[in-house]
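Descriptive structure summary
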Amino acid sequence: MDVVKYVKTAQSGAPEELCKAAAGEPQAFLRELATHLGLLAQEAAQQAARPAPAAAMETPAEEVVGPGVRYLHGLGSISTAINEALGSVRRDILTAQPDGARPSAVLKDALESVRRQISAGIAMRTLYQHTTRFDEATKEYVRAVTEYGAQVRTLEEFFDRLIIVDDVAFISANEDRTTAISITEPTIVRFLRDTFDKAWDRAKPFPFVPLHAAKAADEVVPAIRESISRLLVEGYSDKAIARRIGISERSLQAHIAAIKQELGAHNRLQLGYLLGRNETTYVV
């Protein structure tokens, strides 16, 4: 299935089905959503990786594949498209940034890219993962943007990177995020907005006052470990779990060790058995 056909499929039914799932079990909805967006990104990456025609010497920076859907190849092209959208924003900016803490330089660039807009009254909401509460650079960034009126919340895990500026959405199309999809098709943009709003409602406000690491841990570590336990039961690799939670593999091993100790497991095999037996506790 090519990307255009997949988008048409999403328009004709999949988003509505996902929204119904969200009404009953938000966690299940987010997991199904991650799969839904993952398929779209996978299809985009596969099409982007296909050999170009012999006459083509290089991959174009942009590639329109259907009404309201285009690929953006390369970080420069992605940055230009996002900056163009930010330059003409009139209502709001929504961003979901997974993978845990981001480098200080990246956060400074992010602040500069939206400072004018949010200081002029453009609404901005940002989702991070719980693990960013332990990062000093992120704390400084959050303090800065909230002074301008932006709102920041955190979740234990959520879908892949998402940016929505008014009526245009951007999602990643490959694992290293060097290709993105720009979407202006109204049905898909509305679905992505609804998705963001449901995640936002479940998220916890980023602390507006300095927190000691121990206090931050008390607030978010239980949710992080519940997610780790669920992902272990579902068979994800350590590398995949670390990425989804937004921590290093070394930190993941520390969390797994704590879970083993809590359940009295002596090895990973026994841990898997105990988690599976108690999945009604660890899997929401």
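To be clear, the structure that these remarks concern was listed above.
We now turn to the structure provided with this report. (Residues numbered from 1 in each chain as written. Predicted model: local features only at pLDDT ≥ 70, side-chain atom pairs only at ≥ 80, totals over all residues. Heavy atoms only, no water.)

Observations regarding helix H10 (residues 249-263)
Each turn of an α-helix holds 3.6 residues, which means side chains three or four residues apart point in the same direction. The end-to-end C-alpha distance of H10 is 21 Å, a good match for the 21 Å that 15 residues give at a rise of 1.5 Å each. For H10, every residue scored as buried is listed here: Leu252, His255, Ile256 and Ile259. Buried residues of H10, seen end-on, are gathered within an arc of 100° and therefore sit on one face of the element. Exposed residues pointing more than 90 degrees away from the buried face of H10 are listed as Arg250 and Gln261. Taken from the residues just after H10, Gly264 is the one with a positive phi, measuring 75°. (Helix = DSSP H or I, 4+ residues; strand = E, 2+ residues; numbered from the N terminus. Expected span 1.5 Å × (residues − 1). Buried < 20%, exposed > 50% of the residue type's maximum accessible area, 1.4 Å probe, protein only. Arc of directions from axis to C-beta.)

Let's talk about the side chain of Asp238
Tracing the sequence through the fold places Asp238 in helix H9 (residues 238-245). At 2.7 Å, the side chain of Asp238 and the side chain of Gln253 are in polar contact. A distance of 2.9 Å separates the side chain of Asp238 from the side chain of Arg268, its partner in a polar contact. Discounting chain neighbours no more than four positions away, the residues touching Asp238 are Leu232, Glu249, Leu252, Gln253, Ile256 and Arg268. (Polar contact = N/O pair within 3.5 Å; in protein donor to acceptor, adjacent residues only side chain to side chain. Contact = heavy atoms within 4.5 Å.)

Quick word on the nonpolar core
Core analysis: the largest hydrophobic core is formed by 29 residues, its most contacted members being Ile93, Met124, Tyr141, Val145, Val165 and Phe170. Of all the elements in the fold, those that place two or more residues in this core are helix H4 (75-87), helix H5 (104-119), strand S4 (123-129), helix H6 (136-147), strand S6 (162-165) and strand S7 (168-172). With near-sequence residues (within four places) excluded, Ile93 lies in contact with Leu86, Val114, Gln117, Ile122, Ala123, Met124, Arg125 and Ile164. Leu127, Ile181, Phe191 and Ala203 belong to the second largest nonpolar core, which has 21 residues in total. (Core = buried A, V, L, I, M, F, W, Y, C linked by side-chain atoms within 4.5 Å.)

It is worth stressing that arrangement in space is one thing and function is another; only the former is reported here.
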